[in-house]
Amino acid sequence: MIAFIENKYKIDLSKPIDISIPLSNTDQNPIAWYIEKPEIEPVVFGDWIGKVSEGSSTNFNNIFFNPHGHGTHTECLGHITREFYSINQSLKQFFFTAELISITPEKINGDLVITLENISTALDITNRNNPEALVIRTLPNSESKKHKNYSKTNPPYLSEEAAIFIREIGIQHLLIDLPSVDREEDEGKLLAHKAFWNVKDINNLNEDSRLNCTITEMIFVENEIQDGSYILNLQIASFENDASPSKPILYSLI
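The structure presented is a predicted model; accordingly, all values stated were derived computationally and were not measured.

Colleague: How would you summarise the environment of Ile119 if you had to cite specific residues and measurements?
Modeller: In this structure, Ile119 sits in helix H2 (residues 116-125). A relative accessible area of 0% places Ile119 in the buried class. Along the primary structure Ile119 and Ile136 are separated by 17 residues, whereas in three dimensions their C-alpha atoms are 8.9 Å apart. Apart from the residues within four sequence positions on either side, Ile119 is in contact with Ile101, Ile103, Ile114, Leu134, Ile136, Leu158, Ala162, Phe165 and Ile166.

Following this line, the structure appears as structure tokens:
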């Protein structure tokens, strides 16, 4: 058990709600951004193969993947800046208050868009209490999200106005069940990314940009998980890269 005494939060660590999608080298792995599925293959040195079933004493695999295109990942503003910033240096705390909301994107000019009104209405319904993280589940919520190839499908995305609103209400960590908060083909504008991180110039980072804030994409929240307040444990691998595969875990409040 863990308790946040000052704010009177209490959770049961034996009951995690995993909202990540595992990475595999099968056709069931989700894919985005026009790449192929991940590769997980044993190391080969001459006649030696790093696989127990092939006679080795250990399984010894190389893994080739892209964090942005191959499943649940968490990224920092280094994803869009000229200067290098690492998710491993940006994310230094791992437990946050969180609000889970479900949203049906609106049809706008042929696109499906998550609007400011969508966000503000959903947060009002769930009686938001200044959460540090916002988890967005889009509707309909099909199991196909776990293994969909999103490339060239123009998935739903977040409007710039919605991203600004999310920033202005103090959300530090944004999680969404889509391959990107921005439109798949947007001429490199990345309006929602820039709005959330408050990046005004990718070449010369402004002092009020949000270095410690993160975006997590390609999560999956099962339908039986109810909207409302949770504690989020946002776990990453220690990559010195703009993004890392991640394992966000929700805990219900007791």
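Here the narrative resumes, following the displayed structure.
Colleague: Can you lay out the pattern of salt bridges for me, pointing to particular residues and giving the numbers?
Modeller: Tallied over the entire structure, the rule returns 10 salt bridges. Residues Lys189 and Glu187 are paired through a salt bridge, measuring 3.7 Å at the closest nitrogen-oxygen approach. Looking at Lys189, the relative accessible area reads 42%, which means it is partly exposed. Here Glu187 falls in the exposed class, since its relative accessible area comes to 75%. Taken together, the salt bridges that share partners define one network made up of Glu143, Lys146 and Glu222.

Criteria and cut-off values
- Residues numbered from 1 in each chain as written.
- Predicted model: local features only at pLDDT ≥ 70, side-chain atom pairs only at ≥ 80, totals over all residues.
- Heavy atoms only, no water.
- Helix = DSSP H or I, 4+ residues; strand = E, 2+ residues; numbered from the N terminus.
- Buried < 20%, exposed > 50% of the residue type's maximum accessible area, 1.4 Å probe, protein only.
- Contact = heavy atoms within 4.5 Å.
- Salt bridge = Lys/Arg side-chain N within 4 Å of Asp/Glu carboxyl O.

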